[in-house]
Amino acid sequence: MHDPKMMDKIENGAGFIAALDQSGGSTPKALKGYGVNEDAYSNDDEMFALIHGMRSRIVTAPSFGGGKVIGAILFEKTMDGEADGKPIPTLLWERGVVPFLKVDKGLEDEADGVQMMKPNLGLGELLERAKTKDVFGTKMRSVINLASPTGIAAIVKQQFDVASQILDHGLMPMIEPEVNIKSAERAQCDAILLEEITKQLDALPEDRKVMLKLSIPAEANLYAPLVDHPRVARVVALSGGFSRDEACTELAKNRGMIASFSRALLQDLRHSMTDEEFDQSLGTAIDQIHKASTVKV
């Protein structure tokens with residue numbers, strides 16, 4: 001059973017979801033963007049300590065708790081960590097931010113134009129642990145590179161099969177079949193993805209809902225039927241390699257979609273900033289992404 005206050009915030013909140021879930025493979029790049037080079041750490045523990053420091057600085061910043069961020073996606077180590085002496089999921093919800101957890105274990109090599117999720121044998125245990133920490137939902141990512149009807153059908157089926165397991169544990173699944181925005185077949189990928197997701201949504205029992213995290217479509221409002229679907233709690237958009245300005249411009253064209261940005265949110269933050277400079281920069285990004293999520297052209 002989903003927490004009703006968190007559910008209301010996610011379904012009806014006027015804001016966006018921050019993606020703070022960079023995993024081991026993407027952490028060095030995230031740290032480099034933050035101004036921390038690889039010579040600043042000598043092993044994974046030191047690397048994760050540095051990225052935890054960055055994330056803690058974000059979630060405790062005054063602007064982050066200002067009501068415009070309605071959710072945050074966490075990496076497992078972040079979920080298990082603390083900030084200001086409190087477990088991070090607890091701190092987030094005290095600030096009105098609904099906590100989610102990244103649960104996938106990365107991507108398989110490309111086959112049939114897509115990259116499926118790797119097997120995740122420990123998912124059940126992770127979901128139960130997340131529940132004890134008052135996490136509301138999960139996120140899992142796979143990637144679509146080519147307009148392969150069979151590949152896209154397979155990737156969507158895998159996402160919904162795992163989503164069913166997540167729902168069985170009482171958590172809200174955020175399904176993320178990312179379309180590569182650099183694909184020469186991007187528009188065709190979007191259209192096939194819409195068809196396959198709709199099939200899976202139509203087959204869901206009436207008492208179940210999922211969230212969708214999708215690349216901003218090449219055709220504005222292509223995903224409006226998903227926004228309106230009764231089995232969908234919310235449709236959120238990833239930035240997918242767009243700069244913040246580009247991502248916000250494109251997102252604002254799409255009715256009902258809100259942001260769930262990572263790089264586009266964090267791109268101007270630097271380790272060397274004073275706390276005041278850091279919060280000002282973060283607040284500027286939050287304001288811009290919030291506007292794109294709530295004010296549509």
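Residues numbered from 1 in each chain as written. Predicted model: local features only at pLDDT ≥ 70, side-chain atom pairs only at ≥ 80, totals over all residues. Heavy atoms only, no water.

A. Representation of the side chain of threonine 27 within the structure. Position of threonine 27 among the secondary structure elements: in helix 2 (residues 27-33). Among all residues touching threonine 27, those that are not within four sequence positions of it are Gln22, Met47, Phe48 and Ile51. (Helix = DSSP H or I, 4+ residues; strand = E, 2+ residues; numbered from the N terminus. Contact = heavy atoms within 4.5 Å.)

B. Quick peek at the packing of aromatic side chains. One pass over the full model with this rule turns up three aromatic pairs. Measuring from ring centre to ring centre gives 6.4 Å for tyrosine 34 and phenylalanine 278, while their planes differ by 80°; the resulting arrangement is edge-to-face. Remark: phenylalanine 278 occurs in helix 12 (residues 275-294) and tyrosine 34 occurs in the loop between helix 2 and helix 3 (44-60); sequence separation between them is 244 residues. For the pair formed by tyrosine 34 and phenylalanine 278, the shared burial category is buried. On the basis of an interplanar angle of 25° and a centroid distance of 5.7 Å, the ring pair of phenylalanine 48 and phenylalanine 75 is categorised as stacked. Of this pair, phenylalanine 48 sits in helix 3 while phenylalanine 75 is found in the loop between strand 2 (69-74) and helix 4 (76-79), placing the two residues 27 residues apart along the sequence. The same class applies to phenylalanine 48 as to phenylalanine 75, namely buried. (Phe/Tyr/Trp six-rings, centres within 6.5 Å; stacked < 30°, edge-to-face > 60°. Buried < 20%, exposed > 50% of the residue type's maximum accessible area, 1.4 Å probe, protein only.)

C. Layout of the packing of helix 10 (residues 244-251) against helix 12. Between helix 10 and helix 12, the least distance of the axes is 8 Å, while the angle of their chain directions is 20°. Taken together, the axes of helix 10 and helix 12 are roughly parallel relative to one another. Between helix 10 and helix 12 lies a crossing whose hand is left-handed. Counted together, Arg244, Asp245, Cys248 and Leu251 of helix 10 and Ala285, Gln288, Ile289, Ala292 and Ser293 of helix 12 form the full contact between these two elements. (Axes fitted to C-alpha atoms, helices over the stretch in contact; angles between N-to-C directions. Parallel < 35°, antiparallel > 145°, perpendicular 65-115°, else oblique. Left-handed = near helix turned anticlockwise from the far one by under 90°.)

D. Expanded view of unusual backbone geometry. The phi dihedral of aspartate 84 falls on the positive side, at around 55°, and the residue is not glycine. For aspartate 84, a relative accessible area of 66% translates into the label exposed. Unlike most non-glycine residues, asparagine 221 shows phi in positive territory, near 65°.

E. Layout of the environment of aspartate 80. Inspection of the secondary structure puts aspartate 80 in the loop between helix 4 and strand 3 (82-83). In sequence terms aspartate 80 and lysine 133 are 53 residues apart; their C-alpha atoms lie 8.4 Å from each other. Those residues within four positions of aspartate 80 in sequence are excluded, and the remaining contacts are Arg129 and Lys133. Within the local environment of aspartate 80, its side chain forms a polar contact with the side chain of arginine 129, the two groups lying 2.8 Å apart. (Polar contact = N/O pair within 3.5 Å; in protein donor to acceptor, adjacent residues only side chain to side chain.)

F. How the structure looks around the pattern of salt bridges. The tally for this structure, following the rule as stated, stands at 21 salt bridges. Its salt-bridge partner being aspartate 275, residue arginine 57 comes within 3.2 Å of it at the nearest N-O pair. Here arginine 57, found in helix 3, pairs with aspartate 275, found in helix 12; they are 218 residues apart in sequence, far enough to count as distant. Looking at aspartate 275, the relative accessible area reads 59%, which means it is exposed. (Salt bridge = Lys/Arg side-chain N within 4 Å of Asp/Glu carboxyl O.)

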